[in-house]
Amino acid sequence: MPDTRIDVGTSAIIQKSAVYAYDSSTFTGTINLNDTETKNTVGKYGYKVSSISDPNYGLTAFTTNEVYVIFDKVQLTISTPDDRVDVGSTVSVTVTGTYAYDEASWSGTYSLNDTLTKNTVGKYGYTVSSITDDNYGLSVFDCNAISIIFDKVVIDTFTVADSRINVGDTASFTVGGYYAYDGGAWSGSYALNDTATKNVVGKYGYRIASITDDNYGLTAFTQTAPDVSVIFDKLSITLSTLDNRIDVGSTAVINADIIRLYDNSVSGAAVALNGTLTKSTVGKYGYTVSSVSGDEYGITAFESNSISIIFDRVNVTLSLSDSRIDVGSSMPWSFTATYAYDGADATPYLTVNLNDTDTKAAVGKWAFQASSILDSKYGLSAFTTNTIECIWDKVAISLAVSDNRIDVGSSASWSYTATYQYDNADATPYVSVTLNDTVTKSTVGRYGYTASSITDSKYGLTVFDSNSFYVIFDKVLVTLSTDNRINIGSAMPWSFTAVYAYDLADATPYLTVSLNLSLIHISEPTRPLYISYA
C-alpha cells in the first residue's frame with residue numbers, strides 16, 4: 001500500500017499478498033507483519049513481512065517490501081476575542097489547527113459542542129466536538145476548551161437630582177447597576193431616550209435607552225429601576241401698577257403676579273426689577289423683571305411683561321394782576337400749571353394752596369409760593385413754584401384848610417398831601433381826594449371835613465387814612481342905632497353893635513361899618529363880611 005495518514009488509535013488496513021517465486025502461483029498461507037497495525041501514539045510506522053506460514057510446501061524463506069503509515073491527529077486551538085458578551089448575542093470564536101505529526105497547518109471544518117448564541121445569562125464552555133479533514137480525512141483531534149459568559153447589566157438605580165427644573169437647563173441623573181452574572185458593580189455610561197435639556201415647558205419621561213460598559217463592552221441591559229419624569233418649567237410674571245404716573249422722588253408700587261407655566265400654580269418667588277423704584281428725575285421709565293428667587297421648586301427661568309411709569313411733577317407759575325393793593329383786600333393772584341413730563345396743561349385739574357393767607361390787614365410786603373397742590377387728573381403732589389410778592393398798602397391823606405372861618409355861602413379853600421404808607425413815597429401827584437361834604441355852605445355853622453374816598457392813578461389804591469379839619473361858615477349880625485330925625489344937611493349921628501352869628505361873640509371891636517344908603521358895608525379887619533341890611 002502507498003504511504004498513508006490515518007487517525008491515531010485506529011487500525012491501519014494493510015493488504016498482504018504473496019506468490020511463489022518459482023511459478024508465480026498464489027501463496028495461500030499466513031503472512032505475519034513486523035508490527036501491530038493499531039497505534040495510539042502519533043508517528044510514522046513502517047510495515048513489512050516478518051514471517052510466513054506455508055501450508056503447502058512449508059516454505060519459510062520470503063522476500064518482502066515495506067510500507068509506511070502515519071498515525072496522526074489534529075491539534076486544535078479554540079479562542080475568542082471576548083469572553084464576556086451580551087446575552088442574546090452570538091459569540092465569535094476562532095478555531096485553528098495543525099497536524100500533530102508534522103505540525104503542518106490543518107485544513108478542514110469543525111463543529112462545536114454548543115450554540116454560540118445564548119439568551120440566558122450564564123457561563124458556557126466551548127470546545128470542538130467534531131471535525132472533517134480536507135487533506136487526510138482524519139477525525140481524531142485534541143482541542144482546548146474555553147468559557148464565555150453571556151451577561152447583561154441590570155440598571156437598578158435611576159434617579160433625577162431635581163424633578164422640576166428650569167426650561168433650558170439640563171436635568172442631572174444618577175444611574176447605577178450591576179452585572180447580572182456575578183452581581184459585580186457596573187461601570188460605564190448611558191444614553192437616555194430623550195435629550196436632558198428642554199426648551200419647551202412640559203413634563204418629559206426618561207428611561208435608559210442604551211449603555212456602554214467600561215469593563216466588558218456589554219451593551220445588553222435590563223432596567224429594573226422605574227422610569228423618571230422631569231418637569232421643565234418657567235415662571236410667567238405679570239407686572240402691574242395701580243398708578244403709572246406718580247410724583248418724582250416718590251417710590252413706585254409695582255405688583256408681580258407669578259405663576260408656573262407647567263400647571264399655572266402660584267409661585268411664592270420674589271422678583272428683582274431692572275431699575276430702582278424711586279426716581280429723582282422726571283421721565284418715563286420702563287420696568288421688567290431682571291431675576292427671580294425663592295420659588296418653591298427653585299425655578300428661576302421666567303418670562304415677563306414690561307410696564308412704564310412716569311415720574312412727574314407739576315410746574316406751577318403764580319402770577320399777580322396787581323402787586324400793590326389795598327390793605328384788607330384779597331391778593332388778585334392766579335396760576336398756570338403744566339406737567340413737567342410732557343408739558344401738558346395741568347391748570348384745569350389743579351388746586352393750589354399758598355404758603356400764607358392772601359388777605360393782609362397790615363401794611364407790608366409779603367412773599368408767596370405754592371405750599372401744596374391737589375391734582376385731580378394724576379393725583380400728583382410734587383411741584384415746583386415761583387415766588388410772587390405783593391404789597392398791601394394804603395394812602396395817608398393829610399388835609400389842610402387855609403381859613404377855617406369863612407363867609408357863609410362861600411367855598412372853603414382846602415388842600416391835601418398824600419403818601420404811600422408802605423414806602424412813604426409821595427402819592428400826591430397820583431391821588432385825588434373826595435371830601436365827605438360840600439365845601440360851600442349857605443347856613444351858618446361849623447362843618448367837619450375828612451376824606452371820604454380817593455382815586456389812585458398809580459396803584460389803584462382806595463384804602464386810606466385821613467385827618468379831619470373843620471370850617472365855620474359865619475356872618476356878622478350888625479345892629480345900627482341913630483336919631484331918626486335930624487337936621488337937613490347935618491351928619492346923621494349913628495352907631496352900631498355887632499355879633500358873630502355862629503357863636504354870638506361880640507364882633508363890634510373888630511368891625512368897620514360903612515353906610516351906603518340901604519346897603520351896609522361891614523368890614524372886619526380879619527374877615528370881610530358883606531351882609532344885607534335888614
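Presented here is a report on the structure given in the accompanying data block. Remember, it's a predicted structure, so these values are computed and weren't measured experimentally.

1. Structural notes on the sheet that holds strand β31 (residues 333-339)
- One open sheet holds the three strands; their spatial order is β31-β29-β35, and the pairing between them is mixed. In the strand order of this sheet, the two ends are held by β31 and β35 (383-385), each with one partner. Put simply, the sheet's adjacent strands are angled 25° from each other on average, direction ignored.
- In terms of strand pairing, strand β29 (residues 314-320) meets β31 through seven bridges, oriented antiparallel. Along β31, the bridge assignment pairs N315 with T338.

2. Structural notes on the sheet that holds strand β6 (residues 84-86)
- Ordered in space as β6-β12-β9, the three strands form an open sheet in which the pairing is mixed. Edge positions in the open sheet fall to β6 and β9 (122-126), since each of these has one partner strand only. The average angle at which neighbouring strand axes cross in this sheet is 35°, direction not considered.
- In terms of strand pairing, β6 meets strand β12 (residues 146-151) through three bridges, oriented parallel.

3. Comments concerning the pairing of strand β7 (residues 94-99)
- Only one face of β7 is covered, namely the face carrying V95, G97 and Y99; the face carrying T94, T96 and T98 is uncovered.
- Both strand β5 (residues 74-79) and β7 contribute to a ladder of six bridges, which runs antiparallel. Pairing of V74 across the sheet is with Y99, part of β7.

4. Some words on the packing of aromatic side chains
- Per the counting criterion, the structure on display carries 19 aromatic pairs.
- Considering the side-chain rings of W366 and W392, the 5.6 Å spacing of their centres and the 80° angle between planes classify their relative orientation as edge-to-face. In this pair, W366 is assigned in strand β33 (residues 364-368) and W392 in strand β36 (residues 388-393), connecting sequence segments 26 residues apart.
- For the ring pair Y420 and Y459, a centre distance of 4.8 Å and an interplane angle of 75° mean the geometry is edge-to-face. Here Y459 lies in the loop between β41 (445-456) and β42 (464-466) and Y420 lies in strand β39 (residues 414-420), a separation of 39 residues in the sequence.
- Y459 gets classed as partly exposed once you look at its relative accessible area, which sits at 21%.
- Three or more aromatic residues joined by ring pairs make a cluster, and in this case those are Y20, F27 and Y57.
- In this arrangement the basic side chain of R164 is found over the ring face of Y297, its NZ or CZ atom lying 4.5 Å from the centre.

5. What about a nonpolar patch on the surface?
- There is a patch of nonpolar side chains on the surface, built from I486, M492, W494 and L515 and spanning about 300 Å² of accessible area.
- With respect to the helices and strands, the residue M492 is situated in the loop between β44 (476-482) and β45 (494-500).
- With a relative accessible area of 40%, M492 lands in the partly exposed category.

6. Structural notes on the environment of V154
- Relative to the assigned elements, V154 resides in strand β13 (residues 153-160).
- Judged by its relative accessible area of 7%, V154 is buried.
- Between the alpha carbons of V154 and A18 there is a distance of 76 Å; along the sequence they are 136 residues apart.
- Sequence-distant contacts of V154, defined by excluding residues within four places in its chain, comprise G176, G177, Y178, A180, T222 and T224.

7. Some remarks on the pattern of salt bridges
- Considering all chains together, one arrives at 23 salt bridges under this definition.
- For D295, the salt bridge goes to R260, with nearest N and O atoms at 3.0 Å. Of this pair, D295 sits in the loop between β26 (289-293) and β27 (302-304) while R260 sits in strand β23 (residues 255-260), and the two are 35 residues apart along the sequence. Here the two residues D295 and R260 agree in accessibility, since each one is buried.
- The residue R324 makes a salt bridge to D423 at a minimum N-O spacing of 2.9 Å. Taken together, the residues R324 in strand β30 (residues 324-326) and D423 in the loop between β39 and β40 (431-435) connect sequence positions 99 residues apart.
- Since its relative accessible area comes to 7%, R324 is described here as buried.
- Each of the salt bridges in this network shares a partner with another, and the network as a whole consists of R5, D72 and D102.

8. Overview of the environment of G249
- Residue position: G249 is located in the loop between β22 (245-247) and β23.
- The spatial distance from the C-alpha of G249 to the C-alpha of T117 is 83 Å, given a sequence separation of 132 residues.
- Excluding residues that lie within four positions of it along the chain, G249 makes contacts with T278, K279 and S280.

9. Quick word on the side chain of D295
- You can call D295 buried: its relative accessible area is 7%.
- Within the local environment of D295, its side chain forms a polar contact with the side chain of R260, the two groups lying 3.0 Å apart.
- Reaching out from D295, the side chain makes a polar contact with the backbone nitrogen of I299 at a distance of 3.2 Å.
- Apart from residues lying up to four places away in sequence, D295 is in contact with L235, R260, S267 and A269.

10. A closer look at the nonpolar core
- Ranked by internal contacts, the top residues of the largest apolar core, which has 23 residues, are F158, F173, Y206, V230 and F232.
- Those elements that provide at least two residues to this core are β13, β15 (173-179), β17 (202-206), β18 (208-213) and β20 (228-233).
- Examining the composition of this core, we find that four residues originate from one element, β13, more than from any other.
- Leave out the neighbours within four places in its chain, and F158 touches F173, T174, V175, L192, Y206, R207, I208, Q223, A225, P226, D227 and V228.

11. Brief notes about the pairing of strand β4 (residues 66-72)
- Among the seven residues that make up β4, five are buried, leaving the element largely enclosed by the rest of the structure.
- As paired elements, strand β1 (residues 4-7) and β4 share four bridges and run parallel to each other. Considered in β4, the bridge of I6 is made with F71.
- Relative to β4, strand β3 (residues 43-53) runs antiparallel, the two being bridged by six bridges. Within the sheet, the bridge partner assigned to G46 lies in β4 and is Y68.

How each quantity is defined
Residues numbered from 1 in each chain as written. Predicted model: local features only at pLDDT ≥ 70, side-chain atom pairs only at ≥ 80, totals over all residues. Heavy atoms only, no water. Pairing = 2+ DSSP bridges. Helix = DSSP H or I, 4+ residues; strand = E, 2+ residues; numbered from the N terminus. Axes fitted to C-alpha atoms, helices over the stretch in contact; angles between N-to-C directions. Buried < 20%, exposed > 50% of the residue type's maximum accessible area, 1.4 Å probe, protein only. Phe/Tyr/Trp six-rings, centres within 6.5 Å; stacked < 30°, edge-to-face > 60°. Lys NZ or Arg CZ within 6 Å of the ring centre and 35° of its normal. Patch = residues over 30% accessible without salt bridge, like charges linked within 9 Å, V, L, I, M, F, W, Y side chains within 5 Å. Areas by Shrake-Rupley, 256 points an atom, 1.4 Å probe, with all protein chains shown as cover. Salt bridge = Lys/Arg side-chain N within 4 Å of Asp/Glu carboxyl O. Contact = heavy atoms within 4.5 Å. Polar contact = N/O pair within 3.5 Å; in protein donor to acceptor, adjacent residues only side chain to side chain. Core = buried A, V, L, I, M, F, W, Y, C linked by side-chain atoms within 4.5 Å.

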